[in-house]
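# Structural features, examined
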Amino acid sequence: MVGLACAFSLACGGDRAPAVDVASALPDDGAVWTISQPENRATAAAALEAMVYGAHVLLTDGDDAYAGTTRRRMERQSNGTWSLALPNGAQATIDRSDSALVLHLPSGATVPLSVQRGASAATADRKFDDGRQIAQWASYSPAASGVRLRQAPPELDDEAVVLTWHKVARVPFDAAGVTVRNKALQQLPAFDRPDSARVWQQRLEQRLAALPTTETFRVRVNDNVSEYDHEQQRFSVHFFEPGTYLPLQVFGEEYRVVFSNADAARFINMPKDAARPFDESLRAQGRGVLTDIAFRVTGQGDPSGAVTGARVVRAELVEVHVRNRQESELFSPALSASTPTASRPTALDIATTDVAGLGVGTDGDLFERAASRLFGKAARRAAQDNGYAGFASVIVVNEMGCSSMPGRGRVKAGAVCATAFLDRDGIVRSIRIERLFPFIDGETFRNVLVQRYGPVADAVQRTGYTLAWGPVTDSTTAYARSGPHNALTATWNEDDDMMSRSLNAAPRIRVTLQLTDAAWIATQSR
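Residues numbered from 1 in each chain as written. Predicted model: local features only at pLDDT ≥ 70, side-chain atom pairs only at ≥ 80, totals over all residues. Heavy atoms only, no water.

### Structural notes on the pattern of salt bridges
Put simply, the rule reads: We define a salt bridge as a side-chain nitrogen of Lys or Arg found within 4 Å of a carboxyl oxygen belonging to Asp or Glu. Three exposure classes are used, based on accessible area relative to the maximum for each residue type with a 1.4 Å probe and protein chains only: buried under 20%, partly exposed in between, and exposed over 50%. Helix and strand definitions follow DSSP, with helices as H or I runs of at least four residues and strands as E runs of at least two, each counted in order from the N terminus.
For the structure shown, the criterion picks out 27 salt bridges. Across the salt bridge formed by Asp64 and Arg71, the nearest N and O atoms sit 2.7 Å from each other. Residue classification places Arg71 among the buried positions, given a relative accessible area of 2%. A salt bridge links Arg220 to Glu327, with the shortest nitrogen-to-oxygen separation between them at 2.9 Å. On the criterion of sequence distance, the pair formed by Arg220 in strand S12 (residues 216-224) and Glu327 in the loop between strand S18 (312-323) and strand S19 (329-331) is long-range, its members being 107 residues apart. In this structure Arg220 comes out as partly exposed when scored by relative accessible area, which is 24%.

In structure tokens form, the structure reads like this:
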């Protein structure tokens, strides 16, 4: 086997085999384990977490576990459980017997796995069901992503915030275009309009040039505080919850201000004996509060991926005061600058990144062997002409088996589909893996994926919801041609069909992970 650098929590030592490495081959023996209980909305989040760590389908042989093409060493602990190294230093614990595995994931969620002998794994036979489930929608909707709006008071200089963002984030500012769209100028007499437009455009350009990039802005928002969380012993300030943004209407466009260190101001920790009178005072005023914040603009985009759009202003809180309606201060957290790793996307090492245990740069024969053992029968064929020209062939498992189609019935939750795109030398250059889940809301999807891969480089919301990491690469390699076109993407889509629509049933969710060898793509376009 080809060992990787030892960078996981189960460190290498002496002549011991590394805890994680890329397999050179998969064993002929061993057992394939898949999620054993029927998936439902209560267990879907745990199944998703298992998928992104490559543990939703495992092949075990002795003390080795194979997730895709990645070998992970299982090590027995003194308490009788087994440890399993996961990517990014994460670790799972396994309760292990001959007939069952119980996987304890980093989040604390538990996933039971049962054994399936031979090559039949998640999708050896296409699965359908006629089960009906009445919709109980969670907070996410494709159109709004569960976002909570807060109005900015009029004293905030919205224009200064927006111009500072253009300057800090180096987003080109089209002063001429903004001038043309100015409704006040359009209402002037035609004779006066050209001179007035020229003066107004010059004023904008001069203000943009003069604004400092370190300006501190202050704003007050109408806010509220949650009920007391008895388990965590804390209250929550709603304005700082994920997905919340400060909307600014400037130049005829909406700009969305998000705060990279909002978590530092979100919770009011308090023991129960002090929480009772505090809660009573909140109830007396309908839980409403006034939150005064001071912030600086630091960049572009929401690192958590919760807020999407073309004009997302990333800012950093420098001061927060939560007050009651009588202006008495209730809470003022100690704030520190968010670290670059916490607020900005880190460089994606494509060579060591995987999607559900599958990586690029490996031999196509290895992928075919692994996919056949874990997911079902694999087929190899020539690449289609409408894809990236550098892909010579593809290997598919359960092609089109993760989407419901008219006349074919509903695909059952738990279906897995995998596709590898190979170059002319038979090396895997892009991988796509899909799994169908019961309904998962977009916020859960976002949390699991950001926990796995870190702050996002881009996030797009159209008919689905896509998070992206790594460098931008050729658009013809992307899962969605409309973007984003980054090397790694995760997409949340509804598996919509006529049965769901006519019976008002909650749709199943198709999660698609795709990893592309952007470094190799770059060498092909030179």
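Right, picking up where we left off after that structure.
### So, the pairing of strand S23 (residues 428-437)
Going by this rule: The pairing criterion for strands is at least two bridges between them, as found by DSSP.
Most of S23 sits out of view: ten of its ten residues are buried. Relative to S23, strand S22 (residues 416-422) is paired through seven bridges, and the arrangement is antiparallel. Looking across to S23, one finds that Phe421 is bridged to Ser430. One ladder, built from eight bridges, connects S23 with strand S27 (residues 508-516); its direction is antiparallel. Looking at S27, one finds that Leu436 is bridged to Arg510.

### Describing helix H10 (residues 442-453)
Stated formally: The span expected for a helix works out to 1.5 Å for each residue beyond the first. In this analysis, two residues are considered to be in contact whenever any of their non-hydrogen atoms come within 4.5 Å of each other. Counting of polar contacts relies on pairs of N or O atoms within 3.5 Å, with two restrictions inside protein: one atom must be capable of donating a hydrogen and the other of accepting it, and residues adjacent in sequence are counted only when both atoms are side-chain atoms.
Helix length check: H10 (twelve residues) gives 16 Å between terminal C-alpha atoms against 16 Å at 1.5 Å per residue, within 8%. Here H10 has its buried residues at Gly442, Phe445, Arg446, Val448, Leu449, Val450, Arg452 and Tyr453. Turning to H10, the residues buried within the fold contact helix H1 (44-52), strand S25 (465-472), strand S26 (486-495) and S27. Measuring from the backbone nitrogen of Glu443 back to the side-chain oxygen at the start of H10 gives 3.1 Å, which picks out Asp441 as the cap. At the C-terminal side of H10, Gly454 shows a positive phi close to 90 degrees.

### Quick notes on the confidence of the model for the protein
Heads up, the rule is: A residue's pLDDT is the confidence the predictor assigns to it, expressed on a 0 to 100 scale.
Averaged over every residue, the pLDDT of the protein is 81; the share at 70 or more is 83%. Segment residues 1-17: pLDDT under 50, and 33 contacts once partners within four positions in sequence are set aside and those in other chains are kept. Below a pLDDT of 50 lies the segment residues 117-154, which in the model reaches 118 contacts outside its immediate sequence neighbourhood of four places, other chains included.

### A short note on the packing of helix H2 (residues 158-168) against helix H5 (residues 193-210)
Operational definition: A fitted line through C-alpha atoms represents every axis, and for helices the fit uses only the stretch in contact; the resulting angles, taken between N-to-C directions, go from 0 to 180 degrees. An angle below 35 degrees is read as roughly parallel, one above 145 as roughly antiparallel, one from 65 to 115 as roughly perpendicular, and any other as oblique. By the definition used in this description, the sense in which the near helix is turned from the far one sets the handedness, with an anticlockwise turn below a right angle giving left-handed and a clockwise turn giving right-handed. Any residue outside Ala, Val, Leu, Ile, Met, Phe, Trp, Tyr, Cys, Pro, Asp, Glu, Lys and Arg is labelled polar, Gly included; the first ten of those are nonpolar and the last four are charged.
Direction vectors running N to C along H2 and H5 enclose 65 degrees, while the axes themselves pass 9 Å from each other. Relative to H5, the element H2 lies roughly perpendicular. As H2 packs across H5, the resulting crossing turns out to be right-handed. In contact with Glu159, Ala160, Leu163 and Lys167 of H2, H5 contributes Arg203, Leu204, Arg207, Leu208, Ala209 and Ala210. Residues of the contact of H2 with H5, tallied by class, amount to six nonpolar, no polar and four charged.

### Some points on the state of the cysteines
Put simply, the rule reads: Cysteine sulfur atoms that come within 2.5 Å of each other are treated as a disulfide pair.
For the structure on display, the rule yields one disulfide. Between the sulfur atoms of Cys402 and its disulfide mate Cys417 the distance is 2.2 Å. Of note, the bridge from Cys402 to Cys417 carries an S-S torsion of about 110 degrees and is right-handed in sense. Highlighted residues: Cys402 in the loop between strand S21 (393-397) and S22 and Cys417 in strand S22, separated in sequence by 15 residues. Of the two residues, Cys402 and Cys417, both sit in the buried class.

### With respect to the sheet that holds S22
Read across the open sheet, the eight strands follow the order S20-S21-S22-S23-S27-S26-S25-S24; overall the sheet is antiparallel. Edge strands, defined here as strands with exactly one partner in the open sheet, are strand S20 (378-382) and strand S24 (458-461). Within the sheet, the average angular offset between the axes of one strand and its neighbour, ignoring direction, is 15 degrees. Across the sheet, helix H9 (residues 364-374) touches S20, S21, S22 and S23, and the angle it forms with S20 is around 145 degrees. Sitting on the sheet, H10 touches S25, S26 and S27, and the angle it makes with S25 is about 20 degrees.

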